[in-house]
Amino acid sequence: MTEQKTEQHWPLWEVFIRSKNGLSHRHAGSLHATDATMALQAARDVYTRRGEGLSIWVVPSNAITASDPTDKDVMFEPSESKIYRHPTFYDIPDEVGHM
Amino acid sequence: MYTQALNVKDEPAAAGDPVLEARFQAHVDAELKIEPNDWMPEGYRKTLTRQISQHAHSEIVGMLPEGNWITRAPTLRRKAALLAKVQDEGGHGLYLYSAAETLGTSREQMFEQLLSGKAKYSSIFNYPTLTWADIGAIGWLVDGAAIMNQIPLCRCSYGPYARAMIRICKEESFHQRQGYEIMMTLARGTPEQKAMAQDALNRWWWPSVMMFGPSDSDSQHSDQTMRWKIKRFSNDDLRQKFIDATVPQGHFIGLEFPDKDLKFNEETKHWDFGEIDWTEFKRVIAGDGPCNKQRMKQRRAAHDNGRWVREAALAYAEKRRNREAAAKIAAE
Amino acid sequence: MHETPLFSYALRLADNALILGHRMSEWIGHSPVLEEDLALGNMGLDLIGQARAFYAYAGEIEGKGRDEDKLAYLRDAKDWRNVLLVEQPNGDFAATMIRQLLFAAYAHPLYAALTKSKDASLAAIAAKAEKEMAYHVRHSGEWVIRLGDGTEESHERAQAALDELYAYSTELFESDDVERALIDAGIAADPAALRPEWERTVNHIFSEATLKTPPQSFAQTGGRTGRHSEHLGYILADMQFLQRTYPGAAW
């Protein structure tokens, strides 16, 4: 190991917080930590200073598999034409009332 | 909280794919957000990386002048509030570095740019905090100016930056009130305290006014950042808005602004103000402000003194991974 | 000195919290990594909050109109009752974390015991503080493990910090006549009874951290009766300067 060795970086983590029971965890932001224990503590210290959370998930950013944005059309356009999946597609007389 | 308009120069639009570029611009024009993995022009990426990282640097350098007074805060209530405020600034730096990281530059690279003097930060933090009233003036004026700059950024076209700014603006709502309350208490206190408040206003007023960057006519901005919807208002518009909001607040607590040309214009319904000394501004930006060297020295010391700690945490994480792997093999 | 034991006791609790909170606050903007600036800030704010609650109660017990600020800003070193451990300088990050662990591992069971105090005000403050100190144990403990079992340099620094600070831990478990009466009345917690749990906590962490618990050496003590190290004077000079320079002003 030489003196000039560039410093190794702390890995990036993504933080998800449940703000109250009944709601799902939501992405709150990111932080740097060397392991899961410290990531969880940092998430608590950074992202819940104002009572924002009851539960925290931390995930190494590089563990997330994301869809490719250039693939957006192939992935998501086919669902846009399937309007029969929505209730407004069907005609029901007003007299029937709410359905 | 501390954006400063001047520091970001537009990147010349590199010759990119015209079809992708047109699609990108149409997306932005429709007020839709750009997300990290979306295609974006190189100039957009560079401009944003620079602006967000400078914004982040400003937050963490900004911790120093105020941090100065945490141990000397005159009451426990003030001490807790100031500590929480400076801590928030660290948090905001962290959110902003994270937002910039989504564009492909690591926090360490950005730190390196700051510590090597390559990256700029808001020049307001190169002024010293000499008395307790400076803590009031910073909260009231500097945070007040920053808020004017930051609220429009909540609608910035780049999703991660806009989301960070929404969180920051929400958290910062107490910062300016904290500062103004300090100023008000001093202005209504003993003659010595009032003099302290006036002196702080005298020193911080012009640097705060300059936080909005040079006049639009001299600005290095082209319309590009406006077109990209990174920036929404001109420097002069924001500056006028800040002055119009702040002057009555100062008068309310009986303080005078160090500008003999400051007067309300009945016709325009705005406060007219005097000539800004841009030579001082440029000098401080260029590195010759009262505290430039001191601030960078402190940041560098924190970074260097912390290296063995960061290395220890990494070394431990690796040891633990190895031990767990070995235990797994042993168990098989 | 004409103080009731309860006043003295509340003041001791307050002074410990404030001085350690003050030390924590010195780190802000200078810590090894941004995430840790936030963590140290939170710990500082917890402690300052505890101090304010105990001072307010002490002032009430005394009934002479001294509020939290009069108690914090207008006493000289000899009237401060904090233990010597909390006034020791921050040193490097290892020293700060070792000091935090030694103190938090004591304060956590102390507050847990005080939640059962016959004095309802002390019990209420302790109930909040107990949870805060539990987190301080966790956070400082995780750091001590990483520093102790990290690199050669971090191990050396952590061991050196432990060797230096350990002598201040004995004072945490001392009690005097002031406390005796309150302990017998079910108001104060018996510090000696906290020692086994403290030892379990810190020794477990030291062993995970590959640190050697130093032998019991001469115990540095005296803070509770106002005999401090030289460091306290500097803290007070810093902290009290505005209140002292402008007597009677409101801030």
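In the block above lies the structure referred to throughout.
What you are looking at is a predicted structure, and each value in this text was computed from that prediction instead of being measured.

**Q** Which residues make up the overall build of chain B, and what values do they have?
**A** Broken down by element type, chain B carries 12 helices and two strands. Start at the N end of chain B and walk to the C end: the helices and strands fall as α-α-α-α-α-α-α-α-α-β-β-α-α-α. Taking 2.2 N^0.38 as the reference for a compact globule, 332 residues should give roughly 20 Å; the C-alpha atoms of chain B span a radius of gyration of 22 Å, in line with that estimate. By its C-alpha atoms, chain B is 80 × 55 × 35 Å across when sized along the principal axes. Per-residue burial over chain B gives 60% buried out of 332 residues. Pairs at least 24 residues apart make up 80% of the contacts formed inside chain B by residues separated by at least 6 positions. Counting 45 positive and 44 negative side-chain charges, chain B places the averaged centre of each group 5 Å from the other.

**Q** I'd like to hear about the layout of surface pockets, residue by residue, with values.
**A** By volume, the largest pocket is sized at about 1500 Å³. Every residue lining the largest pocket is counted, 36 residues in all, and those nearest its centre are A:Glu14, A:His27, A:Ala28, A:Gly29 and B:Arg163. Broken down by secondary-structure element, the contributors of at least two residues to the lining of the largest pocket are strand E1 (12-18) and strand E2 (26-32) of chain A together with helix H3 (76-101) and helix H6 (159-187) of chain B. Ranked by the residues each element gives to the lining of the largest pocket, the list is headed by H6(B), at seven residues. Partitioning the lining of the largest pocket into residue classes produces 15 nonpolar, nine polar and 12 charged.

**Q** Describe helix H5 (residues 93-114) of chain C, and please don't skip the residues or the numbers.
**A** Residues and elements named next belong to chain C. Relative to the 32 Å expected for 22 residues at 1.5 Å per residue, H5 spans 30 Å between its end C-alpha atoms, a close match to the ideal helical length. Taking burial as the measure, the 22 residues of H5 include 20 buried ones, the bulk of the element. Between the side-chain oxygen of the N-cap and the backbone nitrogen of Ala94 there are 3.1 Å, and the N-cap of H5 in question is Asp92.

**Q** Quick one: what's the story with the packing of aromatic side chains, residue by residue and with numbers?
**A** Describing an aromatic ring pair means giving the distance of the ring centres and the angle of the ring planes. Tallied over the full model, the rule gives 27 aromatic pairs over all chains. Between B:Phe24 and B:Tyr44 the ring centres are 4.9 Å apart and the planes differ by 75°, which places this aromatic pair in the edge-to-face class. Here the residue B:Phe24 occupies a position in helix H1 (residues 18-29), and B:Tyr44 occupies one in helix H2 (residues 42-67), the gap between them amounting to 20 residues. By relative accessible area, B:Phe24 is classed as buried at 4%. The class of B:Tyr44 is buried, set by a relative accessible area of 0%. An aromatic cluster is built from B:Trp140, B:Tyr180, B:Trp205, B:Phe212, B:Phe242 and B:Phe257, whose rings are joined through pairwise contacts. A cation over a ring is seen here: C:Arg75 above C:Trp80, with NZ or CZ 4.3 Å from the ring centre.

**Q** Which residues make up the pattern of salt bridges, and what values do they have?
**A** Residue and element names in this part refer to chain B. Enumeration over the complete set of coordinates arrives at 44 salt bridges over all chains. Glu181 is paired through a salt bridge with Arg78; the nearest N and O atoms lie 2.7 Å apart. Separated by 103 residues along the polypeptide, Glu181 in helix H6 and Arg78 in helix H3 bring together distant segments of the chain. What makes Glu181 partly exposed here is its relative accessible area of 27%.

**Q** Tell me about the interface of chain B and chain A, and name the residues and values.
**A** With 23 residues of chain B at the interface, the matching set in chain A holds 20 residues. On the chain B side of the contact with chain A, B:Glu108, B:Arg167 and B:Leu314 bury the most area, a combined 26% of that side's loss. The interface formed by chain B and chain A contains seven salt bridges. Close ionic contact of A:Arg49 with B:Glu171 constitutes a salt bridge, the shortest N to O distance being 3.0 Å. Taken together, the links from chain B to chain A amount to nine residue pairs in polar contact (both at pLDDT 80 or more). When residues of the side of chain B that touches chain A are assigned to their parent elements, the largest contribution, eight residues, is made by helix H12 (residues 307-331) of chain B.

**Q** Requested: an account of the interface of chain C and chain B, with residues and values cited.
**A** Between chain C and chain B, the contact holds 48 residues from the first and 47 residues from the second. In this assembly, chain C packs against chain B so that about 4100 Å² is buried in total across both faces, 68% of it on carbon and sulfur atoms. Linking chain C with chain B are three salt bridges, by the criterion used here. C:Asp149 is the partner of B:Lys319 in a salt bridge, and the nearest nitrogen-oxygen pair spans 3.0 Å. Sorting the residues of the side of chain C that touches chain B by element identifies helix H1 (5-25), helix H2 (34-62), helix H3 (68-73), H5, helix H6 (120-148), helix H7 (152-165) and helix H10 (231-245) of chain C as the ones contributing at least two each. Among the elements that line the side of chain C that touches chain B, the one with the most residues is H2(C), at 11 residues. A per-class count over the side of chain C that touches chain B returns 23 nonpolar, 12 polar and 13 charged.

**Q** How would you explain the environment of B:Tyr95 if you had to name every residue and give the values?
**A** Within the element layout of this structure, B:Tyr95 appears in helix H3. The spatial distance from the C-alpha of B:Tyr95 to the C-alpha of B:Pro160 is 9.2 Å, given a sequence separation of 65 residues. Beyond its immediate sequence surroundings of up to four residues, B:Tyr95 is in contact with A:Val46, A:Tyr47, A:Arg49, B:Ala164, B:Arg167, B:Ile168 and B:Glu171. Reaching out from B:Tyr95, the side chain makes a polar contact with the side chain of B:Arg167 at a distance of 3.4 Å.

**Q** Tell me about the sheet that holds E1(A), residues and numbers included.
**A** All names here are of chain A. As summarised here, the arrangement of the three strands in space is E2-E1-E3, forming an open sheet in which the pairing is antiparallel. Strands with a single pairing partner mark the edges of an open sheet, and in this sheet they are E2 and strand E3 (55-60). Sheet twist, expressed as the average angle between the axes of neighbouring strands with direction ignored, equals 30°. Pairing geometry for E1 and E2, over six bridges, is antiparallel. Residue Glu14 lies in a different strand from E2, and its bridge partner there is Ser30.

**Q** Give a description of the environment of B:Pro248 that names residues and reports values.
**A** All names here are of chain B. When you line up the elements, Pro248 lands in helix H9 (residues 235-252). By relative accessible area, which is 38% here, Pro248 ends up partly exposed. Expressed as a C-alpha distance, the spacing of Pro248 and Trp271, which sit 23 residues apart in the sequence, is 9.8 Å. In this structure Pro248 touches Ile243 and Trp271, once residues within four positions along its chain are discounted.

**Q** Outline the side chain of C:His139, supporting the account with residue identities and numerical values.
**A** Tracing the chain through its elements places C:His139 in helix H6. The class for C:His139 is buried, based on a relative accessible area of 3%. When residues no more than four places from it in sequence are discounted, the contact partners of C:His139 are A:Met38, A:Gln41, A:Asp45, C:Glu36, C:Ala39 and C:Met43.

**Q** Give me the packing of H5(C) against helix H9 (residues 191-208) of chain C: which residues, what numbers.
**A** Residue and element names in this part refer to chain C. Where H5 meets H9, the axes come as close as 9 Å, and the angle between the chain directions of the two elements is 145°. Viewed along their axes, H5 and H9 form a crossing whose handedness is right-handed. Note on element contacts: H9 touches H5 through Leu194, Glu197, Trp198, Thr201, Val202, Ile205 and Phe206, opposite Ile98, Leu101, Leu102, Ala105, Tyr106, Pro109, Leu110 and Ala113. Its residues placed into classes, the contact of H5 with H9 shows 13 nonpolar, one polar and one charged.

Conventions we followed
- Residue positions are counted from 1 within each chain, in the order its sequence is given.
- Chains carry letters and ligands carry numbers; both start at the beginning, A for chains and 1 for ligands, and go up in the order they are written.
- Local features in a predicted model are, by the rule used here, given only for residues with pLDDT of at least 70; side-chain atom pairs are given and counted only at 80 or more, and totals for whole chains, interfaces and linings are based on all residues.
- Side-chain measures here rest on the full set of heavy atoms in the structure, leaving out hydrogens and waters.
- Helix and strand assignments follow DSSP, with helices taken as H or I runs no shorter than four residues and strands as E runs no shorter than two, numbered in order from the N terminus.
- Note on method: radius of gyration uses C-alpha positions; expected globular size equals 2.2 Å times residues raised to 0.38.
- Accessible area is worked out with a 1.4 Å probe on protein chains only. A residue is then buried under 20% of its type maximum, exposed over 50%, and partly exposed in between.
- In this description, contact between two residues means that some pair of their heavy atoms is separated by no more than 4.5 Å.
- The positive count covers Lys and Arg only, the negative count covers Asp and Glu only, and His and the chain ends enter neither.
- Just so you know, the charge point we use is NZ for Lys, CZ for Arg, CG for Asp and CD for Glu.
- Here a cavity denotes grid points, spaced 1 Å and computed from the protein atoms alone, that fit a 1.4 Å probe unable to get out, and a pocket denotes an open set having protein on both sides within 12 Å along at least 5 of 7 lines; residues with an atom within 4 Å of a point are the lining.
- Grid points are joined across faces, edges and corners, and a volume is the space filled by probe spheres set on the points.
- In the scheme used here, Gly and all other residues not listed as nonpolar or charged are polar, with Ala, Val, Leu, Ile, Met, Phe, Trp, Tyr, Cys and Pro taken as nonpolar and Asp, Glu, Lys and Arg as charged.
- Here a helix's expected span is defined as the number of its residues, less one, multiplied by 1.5 Å.
- Polar contacts, as used here, are pairs of N or O atoms within 3.5 Å; protein pairs need one atom able to donate a hydrogen and one able to accept it. Residues neighboring in sequence count only if both atoms are side-chain atoms.
- In this scheme Phe, Tyr and Trp rings, the latter by its six-membered ring, pair at centre separations within 6.5 Å, and the angle between planes marks the pair as stacked below 30 degrees, edge-to-face above 60, and tilted otherwise.
- Whether a charge lies above a ring is judged from NZ of Lys or CZ of Arg, which has to be within 6 Å of the ring centre and within 35 degrees of the ring normal.
- Any carboxyl oxygen of Asp or Glu within 4 Å of a side-chain nitrogen of Lys or Arg constitutes a salt bridge here.
- Buried area is understood as the total, over both parts, of accessible area removed when two parts are fitted together, assessed with a 1.4 Å probe.
- Note on pairing: two strands pair once DSSP finds at least 2 bridges between them.
- Between N-to-C directions, angles span 0 to 180 degrees; the directions come from axes that are lines fitted to C-alpha atoms, helices contributing only their stretch in contact.
- If you view the pair so one helix is near and one far, a crossing is left-handed when the near helix is turned anticlockwise from the far one by less than a right angle, and right-handed when it is turned clockwise.

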